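# Overview (structure and organization)
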Amino acid sequence: MKVILQQDVKGQGKKGELVNVSDGYARNFLLPKKLAVEANAQNMEEMKAKDAAKQRQLAIEKQNAVDTGEMLKKLEVKITAKAGDSGKLFGAITSKDIADALKKDHNIDLDKRKIVLAEPIKNFGVYMVEVKLHSEVTSTLKVVIKSE
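The text that follows walks through the structure, step by step, so that each part is easy to find. (Residues numbered from 1 in each chain as written. Predicted model: local features only at pLDDT ≥ 70, side-chain atom pairs only at ≥ 80, totals over all residues. Heavy atoms only, no water.)

## Details of the packing of aromatic side chains
Here the distance between the centres and the angle between the planes together describe a pair of aromatic rings. Applied cut-off: Any pair of Phe, Tyr and Trp rings, taking the six-membered ring for Trp, is counted once the centres come within 6.5 Å. Such a pair is stacked with planes under 30 degrees apart, edge-to-face with planes over 60 apart, and tilted for the rest. In this description a helix means any DSSP run of H or I spanning at least four residues, a strand means any run of E spanning at least two, and both kinds are numbered starting from the N terminus. Only protein chains enter the area calculation, which uses a 1.4 Å probe; residues under 20% of their type maximum are buried, those over 50% are exposed, and those in between are partly exposed.
Per the stated rule, a full pass over the model turns up one aromatic pair. Between Tyr25 and Phe29 the ring centres are 5.5 Å apart and the planes differ by 15 degrees, which places this aromatic pair in the stacked class. Here Tyr25 pairs with Phe29, and both are found in helix H1 (residues 23–30), just four residues apart, close to one helical turn. For Tyr25, a relative accessible area of 27% corresponds to the partly exposed category.

## Regarding the side chain of Ser139
Rule in force here: Whenever a nitrogen or oxygen atom comes within 3.5 Å of another N or O atom, the pair is scored as a polar contact, on the condition that within protein one atom can donate a hydrogen and the other can accept it, and that pairs from neighbouring residues in sequence are kept only if both atoms are in side chains. Working rule for contacts: check all heavy atoms of both residues, and any pair within 4.5 Å makes them a contact.
Structurally, Ser139 can be placed in strand S9 (residues 137–147). A relative accessible area of 4% means that Ser139 is categorised as buried. There is a polar contact of 2.8 Å between the side chain of Ser139 and the backbone oxygen of Gly69. In this structure Ser139 touches Gly69, Leu72, Lys73, Val129, Glu130, Val131 and Leu133, once residues within four positions along its chain are discounted.

## Regarding the pairing of strand S1 (residues 2–5)
Counted only if it meets this: For two strands to be treated as a pair, DSSP must find at least two bridges joining them.
Summarising the sheet, S1 and strand S2 (residues 18–20) pair through three bridges and their orientation is antiparallel. Within S2, the residue paired with Ile4 across the bridge is Leu18. Here S1 runs beside strand S3 (residues 36–38); their pairing, made up of three bridges, is antiparallel. Each residue of the ladder has a partner; that of Ile4, found in S3, is Val37.

So this is what it looks like as structure tokens:
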């Protein structure tokens, strides 16, 4: 019997998948526990409509990430910090500091986890920081660290 899974079922598949299971397993376990629905014409159309809506939403999210990435490439974030005589910073500039400066200066709310730093910035200078906006979209952001 073909059924459409409503939830992830161990050993069978993930939510939204069309799977072929034995009649008894479907009638006695999956259907009564609302883990699946029978794969009739109406349910198949609903599944296709949900898939299409999900694909549209993913395309919108990707386009928003691309637009944000283009905007970030043009921006420059300036951060002032205290340093010792040798030019080494007291503390370090982290992705949280960069996200806060971006919010304060340019009013762009970006999650600190999307800013990729191999290690915190500990010296003055100009840095090109990678920003991962989407699973398929990355951008760069120019960060300038200068003394107070």
